[in-house]
Amino acid sequence: MKRLSILLTSAMILMGLTAFSQGTGKITGHVAGSEKAIEAATISLLKASDSSVVKLALTSKSGNYEIEKIKDGTYLIAVQAVGYIKFYGQPFQFSSAKDFQHEAINLVQGNNSLQDVTVASRKPLVENKIDRTIVNVEASVTNVGSSALEVLEKSPGISVDRDGNISLKGKQGVMVLIDGRPTQLGGTDLANYLRGMTASQLDQIEIMTNPPAKFDASGNAGVINIKTKKNKQMGYNGTFSFNYGQGRYPKLNESLNFNYRHNKINFFTTLTHNYVRGFNKLEIDRRFTDKTTKQLVSIFEQEARMKLEGRSVNAKAGLDFFVDKKTTFGIVLNGYLNPRDNENNNVTNISDPSGVLTRQTRATVDNHQSWRNFSTNFNFRRLLDSAGKELTADVDYINYGSRNRQDMINSYFDASGNSIQKADTLMGFLPQDINIYSGRIDYAQPFGKGARFEAGVKSSIVRTDNDAVYDSVQYGQVIRDLNRSNHFIYEENINAAYVNLSGPLGKKFNGQLGLRMENTIAKGDQVTTGEKFERNYTQLFPTAYLQYKMNDKNNFGLNYGRRIRRPNYESLNPFVNFLDRYTYQQGNPNLRPQFSHNIELSHSFRSFFTTTLNYTTTNDIIQQVMEQNEDKNETFVKQSNIAKQRQYGVSVSMNMPLNKWWTSSIYVNAFNNRFEGLVNNTHVVVSANTIAVNGSQQFKLNKKSTAEISGFYRTAGFDGLFKAKPMGMLALGFSHNMLKNQGTLRVTIRDIFYTQQFQAESKYSNIDVKIREARDSRVFNVGFTYRFSKGKINGTPKRRNGSAAEEQGRVGGGN
């Protein structure tokens, strides 16, 4: 099945490449009017038989146009430009064996108003700016009916793993924002939330591997900002969505988005509910060796079968007050609740070096966790003049709270299944509270000839309080476990300032320079042991961008940025989370931030074919490592600053319509990761080449229906200190618009051949571990979305972003 899935995925990608290569001839021409060249005129290549559109193009500044990859046939040219009468040419015969030069077209000037003119030009699917790549969601007709996550998976450089974790160009540590604000969800919860958002809600996706200085310096791989459509109606509009999924267990989510504007008041709200049941099968094989002789002592073969059940409820409401055309005040309130249960039945078979079973441990671990969140944002925007000078401000307060109860019972047996000692019980109560206070002020001023100056300041204060209490049950008596209980308080204050200057450097060059300074003051207090630490450091984060437009077809870009990744608050928490008696996960309050230098050189051809070379070096990388206690046969996982990392790679992306009914999106990323550092007092060096491929082929079946084949494949490579085996997935989808395009029905099946299963091994120092994991990834989904509105078009100032994106992104774990 796995080979079949990989074969089909490869065939799907090759199919797109094959279609891309069809047709070698091109059509060129020139458009003028009133004795001068016309720029940005819309050129439509039409079939002579039925006047259907084959391809579109825009004229350059010199009035020239070029249409490539055309098959043999009879065509005609149509031209539209504002202020001119629409032109239709005479039919002509085209042969792909040679290029065709169309006769010069002279448009006749008409009414200067837009009343009688239909402008046919539209934004390209992908735009490469000096500091970011922009995906215009509506530019692809076949995005209709897709989810936000599906749109992301098709975007250049973005990949999504089995848990819904998003990476950018093979690097984790991406900060995901929606309208400049964090989603307040992570991992699987974030993936479910994005699956519940429809493409019809989205305007653009901004992909920034080296974000400008205005953004927080956090995020090793960069920032993905999902920009939703802004309301432009006086009256009301909204969207209701319902989705049901069936894997081995059911999944369900519903959402309602509503917006109402009247005079100077704009009210908006979002309500979502998500229910998930699933399973997780985890197999871990471990070999314990003697510290001195390095001889094999015992073999542990562990199988954990977990059942998961949880739901989440998210409510958001906001109000914008337009004092006048230049001044806006706003408030946004968010509430989030996520209770979930995890039942784990675990069996560990312990054998001697020859593989003969000697004893067995059976464990039952129940986790009952509840996450809650409340946040509020106050924002202000003031246009200072008609040229675009503006002042904005944000103040945020965010509170996260979790309550986690763990109950673990271990029973011990010999090889024949006879009890050999009394069962033991461990109970844990792990509360956590996080409070975030943040504020920022930003100033922007445009200058002549496209130049722009930006500056701002930001300050945030974070306080986390974690009080873990563990109790053991011995002979019916509950006894406090002082070795595992711990009370940890962490406080952090970050103060930042930035300046940014951008503008043209001539006719063909554009540049941007930015500098951000961040001062961090952090204090940690382990109340139980009396241990304390304090850190105070100031860092500079420069960014630089240079763009060269060689001609209308070719653009080159060079950028550099220094980034920081601070530890998640959860990773700093020294709590212990048990999988069973021999396996657990533990936080590390001694974690330090990691710093990276990123540089990229890119080339874009006609805005749809992009090649990028990248190089990244990271010091004090935060990585998940395994450590062992041979005396107790325990293995535990924790985050640690273990090493330095170097990555270099090349990526190629192609996103374009091949014809009026077929759109192809293909992305290939080849990179080399190298880790070097000290782990368990052993010098470790690991390096591997990895190729990641994803793609989708979208087909417009008719005016209302579309179909899609998508998939991904990743070769073997290192994920930190784990060497992961190859993994791939194939998915199919179908969508149909109905109810006068107000409703969309979507049917999808993901991971058709059930090949999205993780396998890896880790061998270094005294560690010898193999892991296999399977989840409820093969899911059949049926979804329906209904859109409603009433009102007239009216411009609305853009909605403000919050000031605490970086701090919320570090909450991790339960949020």
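Residues numbered from 1 in each chain as written. Predicted model: local features only at pLDDT ≥ 70, side-chain atom pairs only at ≥ 80, totals over all residues. Heavy atoms only, no water.

## Thoughts on the overall build of the protein chain
Within the protein chain one finds five helices and 47 strands. Within the span of the protein chain, comprising 815 residues, buried residues form 51% of the whole. Across the protein chain, every contact between residues at least 6 apart in sequence was considered, and the portion connecting residues at least 24 apart equals 67%. When the accessible surface of the protein chain is totalled, it reaches about 37000 Å², and 55% of it is carbon and sulfur. (Helix = DSSP H or I, 4+ residues; strand = E, 2+ residues; numbered from the N terminus. Buried < 20%, exposed > 50% of the residue type's maximum accessible area, 1.4 Å probe, protein only. Contact = heavy atoms within 4.5 Å. Areas by Shrake-Rupley, 256 points an atom, 1.4 Å probe, with all protein chains shown as cover.)

## Things to note about the pairing of strand E31 (residues 531–549)
Alignment of strand E30 (residues 509–526) against E31, held across 18 bridges, turns out to be antiparallel. If you follow glutamine 526 over to E31, its bridge partner there is glutamate 531. Connecting E30 to the next strand, E31, in antiparallel fashion are four residues, including glycine 530 with a positive phi near 85°. In terms of strand pairing, E31 meets strand E32 (residues 554–565) through seven bridges, oriented antiparallel. For alanine 544, the partnering residue across the bridge sits in E32 and is tyrosine 560. Counted between consecutive antiparallel strands, the loop separating E31 from E32 contains four residues. (Pairing = 2+ DSSP bridges.)

## Quick notes on the packing of aromatic side chains
For the coordinates displayed, the defined rule picks out 17 aromatic pairs. Where phenylalanine 92 meets phenylalanine 100, the ring centres are 4.4 Å apart and the plane angle is 0°; that geometry is what we call stacked. Three or more aromatic residues joined by ring pairs make a cluster, and in this case those are Tyr236, Phe258 and Phe788. A cation over an aromatic ring shows up here: arginine 248 above the ring of phenylalanine 279, its NZ or CZ 3.9 Å from the ring centre. Above the face of the phenylalanine 413 ring, arginine 362 is positioned so that its terminal group lies 4.0 Å from the ring centre. (Phe/Tyr/Trp six-rings, centres within 6.5 Å; stacked < 30°, edge-to-face > 60°. Lys NZ or Arg CZ within 6 Å of the ring centre and 35° of its normal.)

## Digging into the pairing of strand E43 (residues 727–738)
Direction of pairing for strand E40 (residues 705–714) relative to E43: antiparallel, over a ladder of ten bridges. By the bridge assignment for E43, phenylalanine 712 is matched with methionine 729. Connecting E43 to the antiparallel partner strand E44 (residues 743–750) that follows it, the hairpin turn spans four residues, and leucine 739 within it adopts a positive phi of roughly 55°.

## Describing the confidence of the model for the protein chain
Here the protein chain averages 81 in pLDDT, while 84% of its residues score no lower than 70. Confidence over residues 111–122 falls short of pLDDT 50; this stretch has 15 contacts with residues more than four positions distant or in other chains. Here residues 793–799 is modelled with pLDDT under 50, and outside its nearest four sequence neighbours on either side it reaches 22 contacts, counting other chains as well. (pLDDT = per-residue confidence, 0-100.)

## Concerning the environment of phenylalanine 374
Residue position: phenylalanine 374 is located in strand E24 (residues 357–383). On the basis of relative accessibility, which here comes to 41%, the residue phenylalanine 374 falls in the partly exposed class. In this structure the C-alpha to C-alpha distance between phenylalanine 374 and leucine 337, which are 37 residues apart in sequence, comes to 9.0 Å. Aside from chain neighbours lying at most four places away, what touches phenylalanine 374 is Leu333, Asn334, Tyr397, Ile398 and Asn399.

## Considering unusual backbone geometry
Residues apart from glycine generally show negative phi values, whereas peptide bonds are mostly found in trans. Of note in this structure, asparagine 263 is not a glycine but carries a positive phi near 55°. Mapped onto the elements of the fold, asparagine 263 is located in the loop between strand E20 (250–262) and strand E21 (265–289). Here the phi dihedral of aspartate 620 falls at roughly 55°; this positive angle occurs in a residue that is not glycine. Within the element layout of this structure, aspartate 620 appears in strand E36 (residues 609–629). Since its relative accessible area comes to 32%, aspartate 620 is described here as partly exposed.

## Considering a nonpolar patch on the surface
Taken together, Leu505, Phe509, Leu546, Leu558, Ile599, Leu601, Leu613, Tyr615, Tyr648 and Val650 make up a surface patch of nonpolar side chains, about 870 Å² in accessible area. When contributions to the nonpolar patch are tallied by element, the ones reaching two or more residues are strand E35 (594–605), E36 and strand E37 (634–657). Tracing the chain through its elements places leucine 505 in the loop between strand E29 (486–504) and E30. (Patch = residues over 30% accessible without salt bridge, like charges linked within 9 Å, V, L, I, M, F, W, Y side chains within 5 Å. Salt bridge = Lys/Arg side-chain N within 4 Å of Asp/Glu carboxyl O.)

## So, the nonpolar core
Counting 26 residues, the largest nonpolar core has Leu282, Met626, Ile642, Val679, Leu721, Tyr764 and Ile771 as its most contacted members. For valine 679, the contacting residues outside a window of four places in its chain are Val625, Ile642, Val684, Leu721, Tyr764 and Ser765. (Core = buried A, V, L, I, M, F, W, Y, C linked by side-chain atoms within 4.5 Å.)

## Things to note about a positive patch on the surface
Residues Lys47, Lys71, Lys660, Lys700 and Lys703 make up a contiguous surface patch of positive charge. Tracing the backbone shows lysine 660 in the loop between E37 and strand E38 (662–679). (Lys, Arg positive; Asp, Glu negative; His and termini not counted. Charge placed at Lys NZ, Arg CZ, Asp CG, Glu CD.)

## As for the pattern of salt bridges
Evaluated as defined, the whole model comprises 28 salt bridges. One salt bridge in this structure joins arginine 592 and aspartate 620, with 3.1 Å as the shortest N-O distance. Taken together, the residues span a long stretch of sequence, with arginine 592 in the loop between strand E34 (583–586) and E35 and aspartate 620 in strand E36 at a distance of 28 residues. Here the residues in one salt-bridge network are Asp216, Lys458, Arg516, Glu518 and Arg566, joined through shared partners.

## With respect to the environment of asparagine 554
Note that asparagine 554 resides in strand E32. Residue classification places asparagine 554 among the buried residues on the basis of a relative accessible area of 12%. Note: C-alpha distance between asparagine 554 and phenylalanine 609 (55 residues apart in sequence) is 9.8 Å. Within the structure, the side chain of asparagine 554 is placed 2.8 Å from the side chain of histidine 603, a separation counted as a polar contact. (Polar contact = N/O pair within 3.5 Å; in protein donor to acceptor, adjacent residues only side chain to side chain.)

## Here we look at the side chain of serine 735
Among the structural elements, serine 735 can be located in strand E43. Exposure remark for serine 735: the relative accessible area of 6% places this residue in the buried category. Engagement of the side chain of serine 735 in a polar contact is seen with the side chain of threonine 706, the distance being 2.5 Å.

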